[in-house]
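So the chains spell out like this:
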Amino acid sequence: MLLFRSEEHVNEWCQLWNQPKGEVFSLEQGWGMAQAWYGQDRRDPAWRRRTAPEAEEVFKNLGLTSPFWKLT
Amino acid sequence: MDNATLDLETRRAILDHLRTTGELPGADQVAQALQLSNPEIEASFRRLHDGHIIVLQENGRDILMVQPFSAVPTPFNVEVAGRTWWGNCIWDAMGIVALFKQDAVIRTACADCNDSMLLTFENNALASGEGVIHFEVPARHWWDNIRFT
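Residues numbered from 1 in each chain as written. Chains lettered and ligands numbered in written order. Predicted model: local features only at pLDDT ≥ 70, side-chain atom pairs only at ≥ 80, totals over all residues. Heavy atoms only, no water.

S.K.: What should I look at first to understand the pairing of strand 4 (residues 77-80) of chain B in this one?
M.R.: Strand residues, when the strand is regular, have side chains that alternate between the two faces of the sheet. Residue and element names in this part refer to chain B. As judged from the four bridges shared by strand 4 and strand 5 (residues 83-87), these two strands associate in the antiparallel manner. For Glu79, the partnering residue across the bridge sits in strand 5 and is Thr84. Connecting the antiparallel pair strand 4 and strand 5 is a turn made up of two residues, with Ala81 showing a positive phi of about 50°. (Pairing = 2+ DSSP bridges. Helix = DSSP H or I, 4+ residues; strand = E, 2+ residues; numbered from the N terminus.)

S.K.: I keep staring at the pairing of strand 6 (residues 104-109) of chain B and nothing clicks. Help me out?
M.R.: All names here are of chain B. Looking at chain direction, strand 4 and strand 6 are connected through four bridges and run antiparallel. Residue pairing for strand 6: Glu79 is matched across the bridge by Val105. Here six bridges tie strand 6 to strand 7 (residues 116-122), and the two strands are oriented antiparallel to one another. In the strand pairing of strand 7, Ala109 is matched with Ser116.

S.K.: Explanation requested: the packing of helix 1 (residues 3-21) of chain B against helix 3 (residues 38-50) of chain B in the structure shown.
M.R.: Between two packed helices, the angle of one axis relative to the other and the distance separating the axes together describe the packing. All names here are of chain B. For the pair helix 1 and helix 3, the least separation of the axes is 9 Å and the interaxial angle reads 90°. The angle between the axes of helix 1 and helix 3 places the two elements in the roughly perpendicular class. For the pair helix 1 and helix 3, contact is made by Asn3, Leu6, Asp7, Thr10, Arg11 and Ile14 and by Glu40, Ile41, Ser44, Phe45, Arg47 and Leu48, respectively. Its residues placed into classes, the contact of helix 1 with helix 3 shows five nonpolar, three polar and four charged. (Axes fitted to C-alpha atoms, helices over the stretch in contact; angles between N-to-C directions. Parallel < 35°, antiparallel > 145°, perpendicular 65-115°, else oblique. Contact = heavy atoms within 4.5 Å. Nonpolar A, V, L, I, M, F, W, Y, C, P; charged D, E, K, R; others polar.)

S.K.: Please clarify how the environment of Phe25 of chain A should be interpreted in this entry.
M.R.: As for its position among the elements, Phe25 of chain A is in strand 2 (residues 23-26). Measuring from C-alpha to C-alpha, the distance between Phe25 of chain A and Gly39 of chain A comes to 19 Å, with 14 residues separating the pair along the chain. Not counting residues up to four positions away in its chain, the partners in contact with Phe25 of chain A are Met33, Leu64 and Trp69 of chain A together with Val132, Ile133 and Phe135 of chain B.

S.K.: Explain the environment of Val24 of chain A to me, please; I cannot follow it from the model alone.
M.R.: Mapped onto the fold, Val24 of chain A is located in strand 2. For the pair Val24 of chain A and Met1 of chain A, spaced 23 residues apart in sequence, the C-alpha to C-alpha distance is 9.7 Å. Filtering out sequence-adjacent residues up to four positions away, Val24 of chain A remains in contact with Glu7 and Val10 of chain A together with Val132, Ile133 and His134 of chain B.

S.K.: Teacher, can you tell me more about the packing of aromatic side chains here?
M.R.: To describe a pair of aromatic rings, you give the distance between the ring centres and the angle between the ring planes. The tally for this structure, following the rule as stated, stands at 18 aromatic pairs over all chains. When the centroid spacing of 5.4 Å and the interplanar angle of 85° are considered together, the rings of Phe25 of chain A and Phe135 of chain B count as edge-to-face. On the criterion of chain membership, the pair formed by Phe25 of chain A in strand 2 and Phe135 of chain B in strand 9 (residues 132-135) is interchain, its members lying in two chains. Ring geometry for Trp37 of chain A and Phe59 of chain A: centres 5.3 Å apart, planes at 10°, overall stacked. You can see Trp37 of chain A sitting in helix 2 (residues 27-38) and its partner Phe59 of chain A sitting in helix 3 (residues 52-61), a full 22 residues away along the chain. Just as Trp37 of chain A is buried, Phe59 of chain A falls in that class too. Every member of this aromatic cluster is reached through a ring pair, and the members are Phe25, Trp37, Tyr38, Phe59, Phe68 and Trp69 of chain A together with Trp91, Phe135 and Trp142 of chain B. (Phe/Tyr/Trp six-rings, centres within 6.5 Å; stacked < 30°, edge-to-face > 60°. Buried < 20%, exposed > 50% of the residue type's maximum accessible area, 1.4 Å probe, protein only.)

In short, geometric facts, not functional conclusions.
Structural data, given as structure tokens:
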């Protein structure tokens, strides 16, 4: 996941490196996604890696419902 | 100690070391902290690697990543309370900020043109910064090559 100055820079980068364009988000959206994904302290003994359905639920709660975010 | 308990203690020791020193530990440092042998901790590292809890370097011994942290310098430098860490990507850099829940600065650059970019966080919110985040790899393929993702 890379940061770009604008979506035009994403397009230039994809063309330059012959890479497919995925999904583009604002910084605010990215911050919300980071908080949802990493907000729990992993030193907590109760922490465990999310299962695929649990991860999809996090994505769904963030509005990420396209096939790009499907895990199952 | 069974493997599940050992792996939990190893995970906690890795993160404690990271928080107090800013660096990811070697197996010898975790072994010393837990008063166990290096081979026991190296085996625990491999189990955590296989379980996608950590990512080992190509040598199969040293830690490369404990998401969201990177053991090696990356373009995603995160400063929290006067100490700096490296994120594996911009999402992970923001993840480090989310973990610490303190004011922070991410120093990075545009992946296309390399112009410097600065994001600041205050009171658990994005305070300043411009740009967009590109997720190139679909979620189901993240672990096909986590280094690229």
